[in-house]
Amino acid sequence: MAEVRLKNISKSFAPNNVVVNELNLHVADKEFVVLVGPSGCGKSTTLRMIAGLEDISSGQLYIDGKLVNDLPPKDRDIAMVFQNYALYPHMTVFENMAFGLKLKKVDKKVIKEVVTQAAEAVDMLEFLDRKPKALSGGQRQRVALGRAIVRNPKVFLFDEPLSNLDAKLRVQMRIEIARLQTRLGTTTIYVTHDQVEAMTMADRIAVLKDGILQQYDTPLNTYNHPKNQFVAGFIGSPSMNFMEVIKDESNSVTDPSGLFKFKHSDLQLPIPQGQKVILGIRPEDLYLEQKSIASVKIAVRVVAVEPMGNESFLHLQIGPHLLTARIKPDIPIAKDNMIDLYMPIHKIHWFEYGSGSSINTSN
Amino acid sequence: MKIKKTLYSYLLVTPYLLHFILFVAFPVIFSIVLTFHKWNIISPMQFIGLSNYKKLLLDTYFLKACYNTIIFLLIHIPLQLAIALGLALVLRENLKLRGFFRSAFFLPVVVSGVVVTILWQQLYGFESGIFNRLLTGLGLSRIGWLIDPKWAMVSIAIMATWKNVGLYIILFLVGLQSVPTSLYEAADLEGANPWQKFRFITLPAINPTMFMVVILSTISGFSLFIEPYVMTGGGPLNSTLSAVLYIYKQGFFYYHMGYAATLGLTFALVILAVVALQRKWIESS
Ligand SMILES: Nc1ncnc2c1ncn2[C@@H]1O[C@H](COP(=O)(O)OP(=O)(O)OP(=O)(O)O)[C@@H](O)[C@H]1O
Ligand SMILES: [Mg+2]
């Protein structure tokens, strides 16, 4: 099918207001890439530039090896699924799916065949005569999906297609879209701000912040080896805990106000003594008992307990630091108690104070 | 307490009630009574039974006036629809001075009809009117805008369209605003050209607005009066004699009050029937 390559793509709507900044992204053939980032970071703008709905301010965009900067949307051979579905309200499901082919003057018989196939793929065969108004949100999204696959494009673009659906339907559609994409093998770029969607669907995740690419990697790598504090905090729910500490003598860090001190022979930080550093630890890496691995201990107060059924979240406090821990549901812990927590040293992420870049430790 | 409250409520609706009785109920009832009488305002009313209605059935002038009014509607409504929609489509785009143009097109709506009519009378002038000067400038021959029976009603329809188009532009703009841009973008991706986007997205979306514009301009078109009254007095050769103008003339020119009332009542029923038909047609489609 096709690969998509963004080379130094920038976009500004007004001078001195850069929305997408020197973006480099290579989406391989058949790959499913998810663009994530907080609201306003330029995800939709990026997608719309790929679609041709927005001009590219600078940089080159290649689809299937061909420079398409100046190609109108219709000649880029892409299909886009919009957040609000963008179904033609006065057309039936069949007409909606057939519209693109009809414009291309495809033979009626062929249209019927292709649309029927697509409707089958998205499980909408029995609704072909309905108007969008008479469909549920999930069904509308299916029609939008069907309309995209009917045209058998080189690239699928999705802009938060599931954000108008309820939680359960979202999970279901997530699986269906992923399965469909695998089956069709169409190169896909999918925008979401939901990091669960990103983790579960993507071959690779591109994390954006303020129009700048933060990390482009597999879901597990972005989770386990975030390149900076932003990615570490954005990927994962509940998000990673951060504490600002000071590098002390060798093998130790302390809290600036002396609340705690971590010292261990495995704790080796390649930064000078006295320098501030950010310590990051995921909620599931805070343990209630010491495991056999190298750990440090911290005494915290329980502020709140949130039972989820399958697990519980503990909200904890030590001095100015608020932490979240994720524990088994059946451990009885009451609010306002002091407890000891253990952090495995090799699970700690270190980030430069200020820049937020990840610090490579030898372990 | 309760009585007091009731009294108070009546007191509150009294102004409206007075207005209604004085300006709606009484004229309607009085004019129905009038249709069975002969009355020239000065001498007392004289009962004449159904004579007015008999006269109406044979009145070729009234027929002509109705015919003229329909001709006016047939020119005015499509013109209004096309121009209002066209301008609304243009004004929807992000043009410079969009706000200025939007107000400019609306201005004639709020200007007095008499003023507009007098202004256009100048524009339509045969010798020195700007339209004819443009035509002669282009090497074409003059048109007798208001003095040629073939053109007079057309001229009036053009002017009426100019006067009211601002209102309908606004209605269309509101209708157009309700079309999500993502529909056009989806169509762009599927390769629709501007005409196809208009045909398959815009037009169906503003269908309700179109119906509304048709109904509104039908009703306002039926009451065509000021324009021919001021510009042509119904001429030349009665070619711009509208139904309402004819009724006015019967009443306040010839003082045939009874007959004018009969014409008015009949014409009101005709309008009612036409609008009812239109509504039925709209509801069915
Ligand atoms: N047409 C436009 N004109 C001016 N600024 C725009 C335009 N479209 C988007 N922006 C700005 O560009 C920035 C990025 O917008 P974009 O829609 O790409 O964000 P996003 O990442 O998709 O956010 P969200 O998750 O809320 O959809 C925002 O600050 C937005 O205000
Ligand atoms: Mg967006």
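Residues numbered from 1 in each chain as written. Chains lettered and ligands numbered in written order. Predicted model: local features only at pLDDT ≥ 70, side-chain atom pairs only at ≥ 80, totals over all residues. Heavy atoms only, no water.

A word on helix 5 (residues 113-123) of chain B
All names here are of chain B.
Turning to step 1, where the next piece is worked out: Within helix 5, burial applies to Gly113, Val116, Thr117 and Trp120. All buried residues of helix 5 lie within an arc of 100° about the axis, which places them on one face of the element.
Turning to step 2, where the next piece is worked out: As for helix 5, its buried residues are in contact with helix 4 (98-110), helix 6 (130-137), helix 7 (149-177) and helix 11 (226-231).
Turning to step 3, where the next piece is worked out: For helix 5, the side-chain oxygen to backbone nitrogen distance between the N-cap and Val114 is 3.2 Å, and the N-cap itself is Ser112. (Buried < 20%, exposed > 50% of the residue type's maximum accessible area, 1.4 Å probe, protein only. Helix = DSSP H or I, 4+ residues; strand = E, 2+ residues; numbered from the N terminus. Arc of directions from axis to C-beta. Contact = heavy atoms within 4.5 Å. Polar contact = N/O pair within 3.5 Å; in protein donor to acceptor, adjacent residues only side chain to side chain.)

Comments concerning the sheet that holds strand 4 (residues 58-63) of chain A
All names here are of chain A.
Turning to step 1, where the next piece is worked out: If you walk across this open sheet you meet the 4 strands as 2-1-4-5, and the pairing is antiparallel. Both outer strands of the open sheet, strand 2 (17-27) and strand 5 (66-67), are each paired with one neighbouring strand and no more.
Turning to step 2, where the next piece is worked out: As paired strands, strand 1 (residues 4-14) and strand 2 are joined by 7 bridges and run antiparallel to one another. Note on strand 2: the bridge partner recorded for Val4 is Val27.
Turning to step 3, where the next piece is worked out: Each of strand 1, strand 2 and strand 4 touches helix 1 (residues 43-51); the most contacted strand, strand 1, lies at about 115° to it. (Pairing = 2+ DSSP bridges. Axes fitted to C-alpha atoms, helices over the stretch in contact; angles between N-to-C directions.)

Brief notes about the side chain of Ser10 of chain A
All names here are of chain A.
Turning to step 1, where the next piece is worked out: With respect to the helices, strands and loops of the structure, Ser10 is situated in strand 1.
Turning to step 2, where the next piece is worked out: On the basis of relative accessibility, which here comes to 9%, the residue Ser10 falls in the buried class.
Turning to step 3, where the next piece is worked out: A distance of 2.9 Å separates the side chain of Ser10 from the backbone nitrogen of Glu22, its partner in a polar contact.
Turning to step 4, where the next piece is worked out: Once residues lying within four places of it in the same chain are set aside, the contact partners of Ser10 are Val20, Asn21, Glu22, Met49, Ile56, Ser57 and Ser58.

A word on the environment of Ala118 of chain A
Residues and elements named next belong to chain A.
Turning to step 1, where the next piece is worked out: Looking at the element boundaries, Ala118 is found in helix 3 (residues 108-121).
Turning to step 2, where the next piece is worked out: When the C-alpha positions of Ala118 and Arg151 are compared, they lie 9.5 Å apart, and in sequence the two are 33 residues distant.
Turning to step 3, where the next piece is worked out: Apart from residues no more than four positions distant in its own chain, Ala118 is found in contact with Met97, Gly146, Ile149 and Val150.

Quick notes on the packing of helix 12 (residues 243-252) of chain B against helix 13 (residues 257-284) of chain B
Residue and element names in this part refer to chain B.
Turning to step 1, where the next piece is worked out: Where helix 12 meets helix 13, the axes come as close as 7 Å, and the angle between the chain directions of the two elements is 160°. As far as their axial angle goes, helix 13 and helix 12 are roughly antiparallel. Both helix 12 and helix 13 take part in a crossing whose hand is left-handed. Here helix 12 contributes Ala243, Val244, Tyr246, Ile247, Gln250, Gly251 and Phe252 to the contact with helix 13, which in turn contributes Met257, Tyr259, Ala260, Leu263, Gly264 and Phe267.
Turning to step 2, where the next piece is worked out: Of the residues in the contact of helix 12 with helix 13, the class split is 10 nonpolar, 3 polar and no charged. (Parallel < 35°, antiparallel > 145°, perpendicular 65-115°, else oblique. Left-handed = near helix turned anticlockwise from the far one by under 90°. Nonpolar A, V, L, I, M, F, W, Y, C, P; charged D, E, K, R; others polar.)

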